[in-house]
Amino acid sequence: MSSKNIKRISGALIGIIVALVLVFNFASSDYNFQTPPKFRSSNSPKASPKGIKDRHEYFFNMLRNPALNRIPGDVRQKEINLYKSIAAKSLKSGSDDYTWFEAGPNDVGGRTRALGIDIRNSDIVIAGGVSGGIWKSIDKGNSWELKNSPDETFSVTSLCQDPREGHQDVWYYTSGEYSGNSADAEGAFYSGYGVYKSDDNGETWSLIYEGTENDPIYWDDFTDFISKCKVSPYDGDLYMAANSYGIMKLSEEEDGSYTLLDEIGGSNDHVFCDLDIDASGNILVVLSEYGWNETTNNSPGVYYRTYDEINYSQIDATSSSFPSVHERSIIRFAPSNPNYGYVFTNIDGENVAFHKIDISNNLLIDRSGNLPSFNDQTGKLGLQANYNMTLAVKPNNPDFVIIGNTSLFRSSDGFATSVEKFYSWIGGYLNDDSSDDFTNHHPDCHISIFDPNDNNALWSGHDGGLSYVSNITQNTTSETLMPWVDKNNGYNVTQYYAIADINSAKDSRYLGGTQDNGTPFFKFSTTTTSASKDISSGDGGYCYLGNNYAYVSAQNGMIFRVGYNTQGEPLSPYSNGESHDWSIITPSEATGQLFINPFVVDPNNENVMYYPAGEDLWINKTLESIADFQNETMDGWSAPTEMTVSGYTISALAISKSPAHVLYYAAYNESGNPKVYKLENSASESPVLTDISISEASSGSYPTAITINPANAEEIMVIFSNYSVPSIFHSTDGGASYTQVDGNLSYSPTNTTYSVGDVSVRSASILNWEETKSYFISTSIGVYKTSALDGASTQWKTVAPTQLGNIVCNMVKTCDLDGKVAIATHGRGIFVGLPTSSTNIPDNNAVSTDELVVYPNPNNGIFRLKQVDSPSQNSRIEIYNMKGQVVYERSFNSSEEIYATEYNLTHQPAGSYIVKIHLDDQSFTSKVIIK
């Protein structure tokens, strides 16, 4: 039996198991058979071990330096320096005639570890996204403003206010997320870039301590990963908990300089540590097990020192209940009685510990046995290891404690007794063991803080952004849950992986896949952003807005097909308030999908989809014939053996528009040269396959994207996303030959310090607009553009340097119909650029999903229209060029004449045109290409 047949059988068995699980879920929950199952993020405790492993491998393979098999540890610092150099030149060169907008979504939020409330005014709140920058609200989260300058780091992991009278306008923030970032794998960290300070209550920030760059491979400075910072009320010194470094202190000197001191721990002594400081300046510290340096200065455990001492003493050093071998811990004082504190410990990713700290009596009191451990898997702590842990103590009650990781819990006696389920379980996943969340409170909790001016009010930072409740002590039951208030009102730190193509002129619809927030859909004009709705669940991925259906995906390539409402908005399959149709159309026999698995729908025939899974390329030519409400299917799917790339994983693909049906796809092998293929007549019974691999591409390189010129399928760009490899290849002859066009972003193999050109390129797009061709690339330090690809001399210019800055941008899309550019950032939502010359292009305001068809298309300037199924007594046609100029217009007395007419544009130059017809009060828009 062939390996492929074995794989197919294995896939079929997996499909049967999945179906049985789904049937069980339906039978044992409130769902009916008209609602699909939800998928949990790969960071969920219910995520499969394979899903978690796939996620780690995906980002590691995508970013690693293949020659070293690791990601350079301080690469973030180096690529930010590169960004600053190019951005400065770009700003001097002037405008690129685009207006840039932060489109949204305005109500989704994203992962938040840093949160602070002004101790003088509870309306002033400052928050930070792990890759979305520092934000400030002056109206208690009803609105937000980004306070970063574009060249600052957008990684914010902790912030704090100076509590001293007369110094309370001073804030600090630190950066670098050691555990859980979207680049999280062995060696694949999202490192920080120094310590920042504000002297004007969070309005502006400046770098006061910059990390060093001594080693190109490993992180080598404490500023790379700082998980906690706090100012001492005793002397104003800044204390910081740094991964693998212990507790560090910055002291400001009289001349404004800063002196760095080691407090406790040491380089490579402890992987994790945490601290807290009470109102007098006394300090609690917890150190994890040893790191890479076994000759440590301090044993793992809990330490304490008073404000006026130098040395720390270990509390209950011989305790038999505190784990001598453990990973991350977090520690807090009880503010109203600083003789007590609490420490919450992840032992090994499966087990946790919780202790009350009796400082006066030098005791650690074990209360681990009273932690939440309900029958529901979501009600257990510790299952996500070190990624999400939170601990807070009520300011006026030393026994009222908040803890959490995936979900959030409370105890009114410091977990001295076992907790009652519906009182204690207050946030995250719902307590019915479903995949639904608490209303207005997302799972994966990272920080909880009490309002310093209201002992009952609590703020919560999580993977969905920010939530608030005015009275955390109120009673809750199975029917009356904690009434959280969503505070993501413009707090736009959403982390996107992908965004849908733009297929219509002035289309206001935006759809994209995100980290742990599904696939939000929203509408954006230049002045307003609509509320969003999630069309998938878990980790969203690739998506497509078609004429009759939208297609969205969740992690590991699970694809939903959904319909539209009468406003052209995709319908959420989980909506209880509107009718909807859906089907899971993933080929059930497919195996080997990537964590964020690509797919493409043929824009010339939306019945055709191409779907890679491992080494196989699956094709479906009857996509819209799949029945609704399917949990699995093989209808229409096949994986031709001649398309298989044995021993490789297909990671990128693209389908052409003109000429139609040319498919390009690329595949990855960790130790082999990447493969690239061209499939002509791809949807026919006799496609032509050609190997067009790139000989200059580095072994082990990861092809993350292919882009095709929409007006010429022979012009392509192939993108490799790894650090320290040639990244951008361009071909004008369908892959027969290539030119490397990294230009001023290029990697130099002779530059062993990686100080120039070490950037991760993620995607590309080719735009034909106003007789000019432009090339866009999205990277780990923003988006870049050029109108001239000139090999090593190519000069990439920073796009929107004053808006985007150095934010990670995973995908860029352009539209030949109106010149629009859409950017999916990983931490700042979606940005949209509009050319100033696009204002005359007609809107696509069709109120029907019926398609206006121009035929033949492309053509030599003579064409007709296929009748739209819409009654009309009056009709009108307008045809626009790409400058927005009307080149043809005519009114008709009856609807028949508009379709009986042969339209002649042979007097116009070759290129793209917009055809718009008006039928009574309806309008329909299409594109025509004249050769």
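**Concerning the overall build of the protein**
Okay, step 1: Scanning the protein for helices and strands turns up 5 helices and 63 strands.
Okay, step 2: Relative to its full complement of 931 residues, the protein shows a buried share of 62%.
Okay, step 3: Within the protein, counting contacts between residues at least 6 apart in sequence, those at least 24 apart form 58% of the total.
Okay, step 4: Carbon and sulfur atoms make up 46% of the accessible area of the protein, which amounts to about 32,900 Å² in all.

**So, the pattern of salt bridges**
Pairing between side chains of opposite charge can happen when the charged atoms of each approach one another.
Okay, step 1: Enumeration over the complete set of coordinates arrives at 26 salt bridges.
Okay, step 2: A salt bridge links Arg828 to Glu102; its shortest N-O distance comes to 3.1 Å. Of this pair, Arg828 sits in the loop between β55 (821-825) and β56 (830-835) while Glu102 sits in strand β1 (residues 98-104), placing them 726 residues apart in sequence.
Okay, step 3: Residue class for Arg828 comes out buried when judged on its relative accessible area of 3%.
Okay, step 4: Taking the relative accessible area as the measure of exposure, Glu102 reaches 31% and is therefore partly exposed.
Okay, step 5: A salt bridge links Asp237 to Lys249, with the nearest nitrogen and oxygen atoms 3.6 Å apart.

**Topic: the nonpolar core**
Okay, step 1: Membership of the largest hydrophobic core comes to 50 residues, with the highest contact counts inside it found for Tyr58, Tyr510, Tyr551, Phe599, Met609, Tyr611 and Ile830.
Okay, step 2: Among the secondary structure elements, those contributing two or more residues to this core are α2 (49-63), β1, β30 (496-499), β34 (540-545), β39 (609-613), β55 and β56.
Okay, step 3: Top element by residues in this core is α2. It accounts for 5 residues.
Okay, step 4: Residues contacting Tyr510, with those up to four places away along its chain left out, are Ile499, Pro520, Phe521, Phe522, Phe524, Lys820, Ala822, Ile830 and Val832.

**Quick word on the environment of Ile650**
Okay, step 1: Inspection of the secondary structure assignment puts Ile650 in strand β42 (residues 649-655).
Okay, step 2: Owing to a relative accessible area of 0%, Ile650 belongs among the buried residues under this scheme.
Okay, step 3: Not counting residues up to four positions away in its chain, the partners in contact with Ile650 are Leu594, Pro612, Gly614, Glu615, Asp616, Leu617, Val645, Tyr665, Ala666 and Ala667.

**Regarding the packing of aromatic side chains**
Okay, step 1: This model, assessed by the stated rule, comprises 30 aromatic pairs.
Okay, step 2: Centre to centre, the rings of Tyr510 and Phe522 are 5.8 Å apart; their planes meet at 25°, and the pair counts as stacked. A residue pair is termed long-range when its members are at least 10 positions apart, and Tyr510 in strand β31 (residues 509-514) and Phe522 in strand β32 (residues 520-523) qualify at 12 residues.
Okay, step 3: What makes Tyr510 buried here is its relative accessible area of 4%.
Okay, step 4: A relative accessible area of 0% means that Phe522 is categorised as buried.
Okay, step 5: An aromatic cluster is present here, built from Tyr58, Phe59, Tyr497, Phe595, Tyr668 and Tyr702 joined pairwise through their rings.
Okay, step 6: Sitting above the plane of the Tyr423 ring, Arg410 keeps its charged end 3.7 Å from the centroid.
Okay, step 7: The residue whose ring lies beneath Lys487 is Tyr468, and the NZ or CZ to ring-centre distance is 5.3 Å.

**Here we look at the sheet that holds strand β51 (residues 772-779)**
Okay, step 1: With antiparallel pairing, the 4 strands of this open sheet are ordered in space as β50-β51-β52-β53. Sheet topology places β50 (761-769) and β53 (797-798) at the edges, where each strand pairs with a single neighbour.
Okay, step 2: Taken together, the 8 bridges between β50 and β51 define a ladder with antiparallel strand orientation. Bridge pairing links Leu767 to Ser774 in β51.

**Thoughts on the sheet that holds β1**
Okay, step 1: Strand order in the open sheet formed by 4 strands is β1-β56-β55-β54, with antiparallel pairing between adjacent strands. What marks the edges here is a single partner per strand, and that holds for β1 and β54 (809-814). Strand-to-strand twist in this sheet, taken as the mean axis angle between neighbours without regard to direction, amounts to 20°.

**Thoughts on the pairing of strand β36 (residues 558-562)**
Okay, step 1: Taking burial as the measure, the 5 residues of β36 include 4 buried ones, the bulk of the element.
Okay, step 2: Relative to β36, strand β35 (residues 550-554) runs antiparallel, the two being bridged by 5 bridges. Note on β36: the bridge partner recorded for Val552 is Phe560.
Okay, step 3: Hairpin geometry of β35 and β36 is characterised by an intervening segment of 3 residues between the two adjacent antiparallel strands and by a positive phi of about 60° at Asn556.
Okay, step 4: One ladder, built from 3 bridges, connects β36 with strand β37 (residues 582-584); its direction is antiparallel. Counterpart to Arg561 in the pairing with β37 is Ser583.

**A look at the pairing of strand β62 (residues 911-919)**
Okay, step 1: Most of β62 sits inside the fold, with 7 of its 9 residues counted as buried.
Okay, step 2: Both strand β59 (residues 875-880) and β62 contribute to a ladder of 6 bridges, which runs antiparallel. Of the residues in β62, the one forming a bridge with Ile879 is Val915.
Okay, step 3: As paired strands, β62 and strand β63 (residues 922-930) are joined by 9 bridges and run antiparallel to one another. The partner of Ser912 across the bridge, within β63, is Ile929.

**A look at the side chain of Glu263**
Okay, step 1: Tracing the chain through its elements places Glu263 in strand β13 (residues 258-264).
Okay, step 2: A distance of 2.6 Å separates a polar atom in the side chain of Glu263 from a polar atom in the side chain of Tyr312.
Okay, step 3: Setting aside residues no more than four positions away along its own chain, Glu263 makes contact with Tyr239, Ile247, Met248, Lys249, Arg305 and Tyr312.

**Describing unusual backbone geometry**
Okay, step 1: For the peptide bond that leads from Ser658 to Pro659, omega is -10°, which places it in the cis range.
Okay, step 2: Here Pro659 is to be found in the loop between β42 and β43 (662-668).
Okay, step 3: A cis amide bond links Tyr855 with the next residue in sequence, Pro856, at an omega value of -15°.
Okay, step 4: Considering the arrangement of structural elements, one finds Pro856 in the loop between β57 (853-855) and β58 (862-866).
Okay, step 5: Of note, the phi angle at Phe415 is positive, near 60°, even though the residue is not glycine.
Okay, step 6: Along the chain, the position of Phe415 falls in the loop between β24 (408-411) and α4 (421-424).
Okay, step 7: For Phe415, a relative accessible area of 0% corresponds to the buried category.
Okay, step 8: Here Asn681, not a glycine, exhibits a phi torsion of approximately 50°, which is positive.
Okay, step 9: Take Asn681: it is sitting in the loop between β44 (675-680) and β45 (688-691).

**Quick word on the environment of Glu152**
Okay, step 1: Checked against the element boundaries, Glu152 lands in the loop between β5 (145-146) and β6 (158-161).
Okay, step 2: In this structure, the C-alpha to C-alpha distance between Glu152 and Asn806, residues 654 residues apart in sequence, is 7.8 Å.
Okay, step 3: Discounting residues that sit within four places of it in the chain, Glu152 has contacts with Lys147, Tyr173, Tyr196, Trp205 and Asn806.

**Topic: helix α3 (residues 75-93)**
Okay, step 1: When the terminal C-alpha atoms of α3 are compared, their 27 Å separation across 19 residues agrees well with the 27 Å that a helix rising 1.5 Å per residue should span.
Okay, step 2: Looking at α3, one finds that the buried residues are Val75, Arg76, Gln77, Lys78, Glu79, Ile80, Leu82, Tyr83, Ile86, Ala87 and Ser90.
Okay, step 3: Residues of α3 that are buried sit in contact with β52 (782-786) and β53.

**Concerning the environment of Tyr196**
Okay, step 1: Along the polypeptide, Tyr196 turns up in strand β8 (residues 195-198).
Okay, step 2: With 14 residues separating them along the chain, Tyr196 and Glu210 place their C-alpha atoms 8.9 Å apart.
Okay, step 3: Here Tyr196 is in contact with Glu152, Thr153, Trp171, Tyr172, Tyr173, Trp205, Ser206 and Leu207, once residues within four sequence places are set aside.

**A few points about the confidence of the model for the protein**
Okay, step 1: Averaged over all residues, the pLDDT of the protein equals 86, while 85% of them reach at least 70.
Okay, step 2: Here residues 1-33 is a poorly scored stretch, pLDDT under 50, and it has 35 contacts once near neighbours within four places are set aside; other chains count.
Okay, step 3: In the model, residues 44-49 has pLDDT below 50 throughout and makes 14 contacts with residues more than four positions away in sequence or in other chains.

Parameters at a glance
Residue numbers here run from 1 along each chain, matching the order of that chain's written sequence. Thresholds applied to this predicted model are a pLDDT of at least 70 for local features of residues and 80 or more for the giving and counting of side-chain atom pairs; totals over whole chains, interfaces and linings are not thresholded and use all residues. In computing side-chain values, all of the structure's heavy atoms are included and hydrogens and water are not. Per the convention used, a helix needs a DSSP run of H or I reaching at least four residues, while a strand needs a run of E reaching at least two, with both numbered from the N terminus. For every residue, the accessible area (1.4 Å probe, protein chains only) is compared with the maximum for its type, and the residue is labelled buried under 20%, exposed over 50%, or partly exposed between those bounds. Any pair of residues with heavy atoms lying within 4.5 Å of one another is described as a contacting pair. Note on areas: these come from Shrake-Rupley sampling with a 1.4 Å probe, and a residue is covered only by the protein chains present in the view. Take a side-chain nitrogen of Lys or Arg and a carboxyl oxygen of Asp or Glu: if they are within 4 Å of each other, that pair is a salt bridge. For this analysis, a nonpolar core means a set of buried residues of the types Ala, Val, Leu, Ile, Met, Phe, Trp, Tyr and Cys, connected via side-chain atoms within 4.5 Å. Within 6.5 Å between ring centres, the rings of Phe, Tyr and Trp (the latter by its six-membered ring) count as paired, and their orientation is classed by plane angle as stacked under 30 degrees, edge-to-face over 60, tilted in between. For a lysine, the NZ atom is tested; for an arginine, the CZ atom; a charge sits over a ring if that atom is within 6 Å of the ring centre and within 35 degrees of the ring normal. What makes two strands pair is DSSP finding at least two bridges between them. For helices, the fitted line uses only the C-alpha atoms of the stretch in contact; every axis is such a line through C-alpha atoms, and the angle between N-to-C directions lies from 0 to 180 degrees. Between N or O atoms, a polar contact is any pair within 3.5 Å; within protein, one atom must be a potential hydrogen donor and the other a potential acceptor, and residues adjacent in sequence are included only when both atoms are from side chains. An expected span of 1.5 Å times one less than the residue number is assigned to each helix. Each residue carries a pLDDT score, the predictor's own confidence in it, on a scale running from 0 to 100.

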